[in-house]
Amino acid sequence: MINLCFHGIGTPPHDAPAEEAAYWIGTDTFRRVLDVVAVRPDVRLSFDDGNESDVEVALPELVGRGRTADFFVIAGRLGHPGSLSAGDVRALRRSGMGVGSHGMHHRVWRRLRPPELREELVLARERLEDVLEEPVRTAACPLGRYDRTTLTALRRLGYTRVYTSDRALARPGSWRQARFSLRATDTADDVAAWLRHGDRYTVRAADRARTFVKGLR
Ligand SMILES: [Zn+2]
């Protein structure tokens, strides 16, 4: 199966960091991608960063198509301009969407000191659980970066599934789930090609070894 990862839909706010703006796609592209995956139950959808467009654009499109997705929210941005509010996150759940943690401050989870790692993996999740009044058990690594310490901590804390951005096909039941993140320059045709020739676009053997090693560092 293939996991697709979206970020903002529409025009990025002008103060968006460049590394985030590079992942915003237009609303038309988004709709065309949903058309492409409409007949593909083996494609799982997720949204990172908790941008307002999650509820303003993505949610109605998904509901209209009878599709679900997982939304990975940055807890420290809840209620900030351009980001989801607590009410928005509850609305996602009420509509049958999954909600997971994307940490507290959108910083890389590699090589964090223990207090920072606790803030990202424990306190961020608690904040989301307070909003949702239910356990949060999934996470997506900010900027797709992680190391062995990160994975070990996530496992120990009881996360049941962790999403990366390793551009590989995924096994449905795996604990670590690779994803293809759409970039601003990607089109629905690109996504169709990934789906048709997933193996060709997926990380090659050397990259797969590197992905494996990422989890060992
Ligand atoms: Zn992110």
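Going by the structure above, here's the rest.
Residues numbered from 1 in each chain as written. Predicted model: local features only at pLDDT ≥ 70, side-chain atom pairs only at ≥ 80, totals over all residues. Heavy atoms only, no water.

Turning next to the coordination of the zinc ion. Octahedral metal centres with six donors ideally show angles of 90 or 180 degrees, and tetrahedral centres with four donors ideally show 109.5 degrees. Donor atoms from the polypeptide that coordinate the zinc ion comprise Asp-49 (OD), His-102 (NE2) and His-106 (NE2), at 2.0 to 2.1 Å from the metal. Binding-site remark: the zinc ion is held by donors from one chain whose sequence spacing is D-x52-H-x3-H. Note on His-102: relative accessible area 1%, which makes it buried. (Donors = N, O, S within 2.8 Å, 3.2 Å for Na, K, Ca; no water. Buried < 20%, exposed > 50% of the residue type's maximum accessible area, 1.4 Å probe, protein only.)

Once that is clear, we can look at the packing of helix H2 (residues 27–37) against helix H3 (residues 53–64). Where H2 contacts H3, the axes come no closer than 11 Å and their chain directions differ by 25 degrees. Comparing the axis directions of H2 and H3 gives the class roughly parallel. Note that H2 runs across H3; the crossing there is right-handed. Counted together, Thr-27, Phe-30, Arg-31 and Leu-34 of H2 and Val-57, Ala-58, Glu-61 and Leu-62 of H3 form the full contact between these two elements. (Axes fitted to C-alpha atoms, helices over the stretch in contact; angles between N-to-C directions. Helix = DSSP H or I, 4+ residues; strand = E, 2+ residues; numbered from the N terminus. Parallel < 35°, antiparallel > 145°, perpendicular 65-115°, else oblique. Left-handed = near helix turned anticlockwise from the far one by under 90°. Contact = heavy atoms within 4.5 Å.)

Among the residues of helix H7 (residues 188–196), Ala-188, Val-191, Ala-192, Ala-193, Trp-194 and Leu-195 are the ones counted as buried. Of the residues flanking the start of H7, the one acting as N-cap is Thr-187, its side-chain oxygen 3.3 Å from the backbone nitrogen of Asp-189. (Polar contact = N/O pair within 3.5 Å; in protein donor to acceptor, adjacent residues only side chain to side chain.)

Moving on, we get to the side chain of Thr-138. Here Thr-138 is to be found in strand E5 (residues 138–140). Relative accessible area serves as the criterion here: at 17%, Thr-138 is assigned to the buried category. When sequence neighbours within four positions are dropped, the list of residues in contact with Thr-138 reads Phe-72, Val-99, Gly-100, Ser-101, Tyr-159, Thr-160 and Arg-161.

Phi is positive for Leu-143, which is not a glycine, with a value near 60 degrees. Note that Leu-143 resides in the loop between E5 and helix H6 (148–156). Phi angles above zero are rare outside glycine, and Arg-167 is one such case at about 45 degrees. Under the relative-accessibility criterion, Arg-167 is labelled partly exposed at 30%.

Attention shifts here to the pairing of strand E1 (residues 2–6). Of all five residues that make up E1, five are buried, and the element is covered over most of its length. Because side chains alternate across E1, one face comprises the buried residues Ile-2, Leu-4 and Phe-6, and the other comprises Asn-3 and Cys-5, equally buried. Sheet analysis places E1 next to strand E2 (residues 43–48), joined by five bridges and oriented parallel. From the neighbouring strand, Cys-5 faces E2, where its bridge partner is Ser-46. Examined bridge by bridge, E1 and strand E8 (residues 180–181) share two bridges and lie parallel to one another. From the neighbouring strand, Cys-5 faces E8, where its bridge partner is Ser-181. (Pairing = 2+ DSSP bridges.)

Turning our eyes to something else, we now look at the pattern of salt bridges. This structure, assessed with the given rule, holds 12 salt bridges. Note that Arg-110 is salt-bridged to Asp-147, the shortest N-O span being 4.0 Å. Highlighted residues: Arg-110 in the loop between strand E4 (98–101) and helix H5 (114–132) and Asp-147 in the loop between E5 and H6, separated in sequence by 37 residues. With respect to burial, Arg-110 and Asp-147 carry one shared label: buried. Glu-129 is paired through a salt bridge with Arg-137; the nearest N and O atoms lie 3.5 Å apart. We classify Arg-137 as partly exposed; its relative accessible area is 36%. Members of the salt-bridge network, linked through shared partners, are Asp-28, Arg-31, Asp-35, Glu-61 and Arg-65. (Salt bridge = Lys/Arg side-chain N within 4 Å of Asp/Glu carboxyl O.)

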